[in-house]
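Summary of the model geometry
Take a look at the letters that make up each chain.
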Amino acid sequence: MTASASSPVSPVSPAAPAPAHALHSPVIAWFDEHARDLPWRRPEAGPWGVMVSEFMLQQTPVSRVLPVYEQWLARWPRPADLAAEAPGEAVRAWGRLGYPRRALRLHGAAVAITERHGGDVPSDHAQLLSLPGIGEYTAAAVASFAYGQRHAVLDTNVRRVFARAASGVEYPPNATTAAERRLARELLPDDEATAARWAAASMELGALVCTAKSPDCARCPVAGLCAWRLAGKPAYEGPPRRGQTYAGTDRQVRGKLLAVLREAVGAVPQSVLDTVWNEPVQRARALDGLVSDGLVEPLAHGMYRLPQG
């Protein structure tokens, strides 16, 4: 069913969506052959390893996550190990992964797991959803990938695959919609184990083949069923897609301030933080934001440190 790179595509309009069951087998078979060997997919990772990976992989590529993930699990192999440390240590170990509030949320989840669930990541979807920092996607991903349960797991890669293969559009909406959730449930295999495999396979397909900028339709196991391809790959007509800028933004300044605090053994004076960015108004705004987010603790006499409690 893989399209040939040399075969011309005959536009068909409108493109009828492929039945769900027709997509399952080829995508899962492709995944069985081409899935990356990632540490959080190995049995020894366990539910905690899966949860850590899901926090780290949000808006961050695998190549950047891998070394931090390995160091994290070596230091904190169980939720209770992380819960026993100050939240600032989680921020320190997060390094330059970006969006460091995820580190605080993961620490909060570890504390809750230790206090409420005896140190074991719960398997119940509702209990996962009730943990600090766990949203709809992460709860479904942990339940599916760690416990083999049947849940619709909708990350950016999966949403893009479904938009193209089933809905016939190049990109999904900027934010997940009720229609996407409904489609994901319709595409979900009935069998629990197959559904869990489908969730991982469709995500990997989006990451490796059905990519945002350069989809490799010649390698796609469902190219012959893809509604977007069969319609002649119509150009995206939705609202402007959000770009990710960094240079010169408050995010960059926050990162520079946190880098100083992560490297410091103790508290850092305001005078040292003032050297990281020349523009004082933006620097002050970034520092205030870090304090407001709980990522930095202000102390007496203009001293700052990572949060201790």
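Above this text sits the structure in question.
One structure accompanies this document, and this report is about it. Within any chain, residue numbers begin from 1 and follow the written order of that chain's sequence. Residues qualify for local features only when their pLDDT is at least 70, as the model is predicted, and side-chain atom pairs are given and counted only at 80 or more; totals for whole chains, interfaces and linings, by contrast, use all residues. Heavy atoms throughout the structure, all of them, feed into the side-chain values; hydrogens and water do not.

1. Focus: the overall build of the protein chain
Rule in force here: Starting at the N terminus, helices and strands are each numbered in turn, a helix being any DSSP run of H or I of at least four residues and a strand any DSSP run of E of at least two. Burial status follows relative accessibility: with a 1.4 Å probe on protein chains alone, a residue under 20% of its type maximum counts as buried, one over 50% as exposed, and anything between as partly exposed. Here, residues are in contact when the closest pair of their heavy atoms is within 4.5 Å. Values of accessible area rely on a 1.4 Å probe in the Shrake-Rupley scheme; residue burial ignores everything except the protein chains shown. His is not counted, nor are the chain ends; Lys and Arg add positive charge and Asp and Glu add negative charge. Charge positions come from single atoms, namely NZ of Lys, CZ of Arg, CG of Asp or CD of Glu.
Secondary structure summary: the protein chain contains 15 helices and 3 strands in total. When each of the 309 residues of the protein chain is scored for burial, the buried share is 45%. Of the contacts made within the protein chain by residues no fewer than 6 positions apart, 65% connect residues no fewer than 24 positions apart. Accessible surface, the protein chain as shown: approximately 15,000 Å² in total, 53% of it carbon and sulfur. Charged side chains in the protein chain number 33 positive and 30 negative. The centres of these two groups are separated by 6 Å.

2. Concerning the sheet that holds strand 3 (residues 303-305)
Heads up, the condition is: Strands qualify as paired when DSSP identifies two bridges or more between them.
Read across the sheet, 3 strands follow the order 1-3-2 without closing on themselves; strand pairing throughout is antiparallel. This sheet does not close on itself; its edge strands, each paired only once, are strand 1 (268-269) and strand 2 (297-299). In the sheet, strand 1 pairs with strand 3 via 2 bridges, with the strands oriented antiparallel. Its bridge partner lying in strand 3, Val-268 is registered against Tyr-304.

3. With respect to empty space enclosed by the protein
The line we're drawing: Using a grid of 1 Å spacing that covers the protein atoms alone, one calls a set of points a cavity when a 1.4 Å probe fits there but cannot get out, and a pocket when the set is open and has protein on both sides within 12 Å along at least five of seven lines; lining residues are those with an atom within 4 Å of a point. Grid points are joined across faces, edges and corners, and a volume is the space filled by probe spheres set on the points. Residues are grouped as follows: nonpolar covers Ala, Val, Leu, Ile, Met, Phe, Trp, Tyr, Cys and Pro; charged covers Asp, Glu, Lys and Arg; every other residue, Gly included, is treated as polar.
Taken as a whole and judged by the stated rule, the model has 2 cavities of 30 Å³ or more. Taken as a whole, the largest cavity spans an internal volume of roughly 120 Å³. Counting only elements with at least two residues in the lining of the largest cavity, the list comes to helix 9 (156-167) and helix 12 (227-230). The biggest single contributor to the lining of the largest cavity is helix 9, with 3 residues. Each residue belonging to the lining of the largest cavity can be placed in one class, and the counts come to 12 nonpolar, no polar and 3 charged. Its boundaries defined by the atoms lining it, the second largest cavity holds a volume of some 60 Å³. Taken together, His-151, Ala-152, Val-153, Leu-154, Val-158, Phe-162, Ala-184, Leu-188, Ala-195, Trp-198, Ala-199 and Ser-202 make up the full set of residues lining the second largest cavity. Of all the secondary structure elements, the ones that give two or more residues to the lining of the second largest cavity are helix 9 and helix 11 (192-208). The leading source of residues in the lining of the second largest cavity is helix 11, at 4 residues. For the lining of the second largest cavity, the residue count by class is 10 nonpolar, 2 polar and no charged.

4. What to know about the packing of aromatic side chains
Going by this rule: Within 6.5 Å between ring centres, the rings of Phe, Tyr and Trp (the latter by its six-membered ring) count as paired, and their orientation is classed by plane angle as stacked under 30 degrees, edge-to-face over 60, tilted in between.
Scanning the model with the defined rule gives 5 aromatic pairs in all. For the pair Trp-72 and Trp-94, a centre-to-centre distance of 5.7 Å together with 85° between the ring planes defines the contact as edge-to-face. Within this pair, whereas Trp-72 is found in helix 3 (residues 62-75), its partner Trp-94 is found in helix 5 (residues 87-94), the two being separated by 22 residues in sequence. According to the relative accessible area criterion, Trp-94 is buried, its value standing at 0%. The interplanar angle of 75° and the centroid separation of 5.3 Å between the aromatic rings of Tyr-171 and Tyr-236 together place this pair among those described as edge-to-face. In this pair, Tyr-171 sits in the loop between helix 9 and helix 10 (178-187) while Tyr-236 sits in the loop between helix 12 and helix 13 (250-263), placing the two residues 65 residues apart along the sequence.

5. Observations concerning a positive patch on the surface
Our working rule: Exposure above 30% relative accessible area and the absence of a salt bridge qualify a residue for a patch, where like charges join within 9 Å and nonpolar side chains (Val, Leu, Ile, Met, Phe, Trp, Tyr) within 5 Å. Salt bridges, as used here, are contacts in which a Lys or Arg side-chain nitrogen is within 4 Å of a carboxyl oxygen on Asp or Glu.
Together, Arg-64, Arg-96, Arg-251 and Lys-256 make up a region of like positive charge exposed at the surface. What makes Arg-64 partly exposed here is its relative accessible area of 39%.

6. Thoughts on the nonpolar core
Quick note on the threshold: As used in this record, nonpolar core signifies buried Ala, Val, Leu, Ile, Met, Phe, Trp, Tyr and Cys residues forming a set joined through side-chain atoms within 4.5 Å.
Ranked by internal contacts, the top residues of the largest apolar core, which has 49 residues, are Trp-48, Met-51, Met-56, Trp-72 and Leu-106. For this core, the secondary-structure elements that each account for two or more residues are helix 2 (46-57), helix 3, helix 5, helix 6 (101-116), helix 8 (136-147), helix 13 and helix 15 (280-292). Setting aside residues no more than four positions away along its own chain, Trp-72 makes contact with Trp-48, Val-52, Met-56, Leu-82, Ala-90, Ala-93, Trp-94 and Leu-106. With 31 residues, the next largest nonpolar core counts Ala-20, Val-158, Phe-162 and Ala-199 among its residues.

7. A few points about the environment of Ala-165
Along the chain, Ala-165 falls in helix 9. Once the C-alpha coordinates of Ala-165 and Cys-226 are considered, the two residues, 61 residues apart in sequence, prove to be 4.0 Å apart. If near-sequence neighbours (up to four positions away) are discounted, Ala-165 is found in contact with Leu-225, Cys-226 and Ala-227.

8. Describing the environment of Leu-306
Relative to the helices and strands, Leu-306 resides in the segment after strand 3. On the accessibility criterion, Leu-306 (2% relative accessible area) is buried. A C-alpha to C-alpha distance of 9.5 Å links Leu-306 and Val-268, two positions 38 residues apart in sequence. Apart from the residues within four sequence positions on either side, Leu-306 is in contact with Gly-88, Val-91, Arg-92, Leu-258, Leu-261, Arg-262, Leu-295 and Glu-297.

9. Details of the pattern of salt bridges
Side chains carrying opposite charge are able to pair once their charged atoms draw close together. Taken as a whole, this structure holds 17 salt bridges when the rule is applied. Close ionic contact of Glu-180 with Arg-159 constitutes a salt bridge, the shortest N to O distance being 2.8 Å. Of this pair, Glu-180 sits in helix 10 while Arg-159 is found in helix 9, placing the two residues 21 residues apart along the sequence. A cluster of three or more residues bridged by salt bridges with shared partners is formed by Arg-75, Glu-85, Glu-89 and Arg-92.

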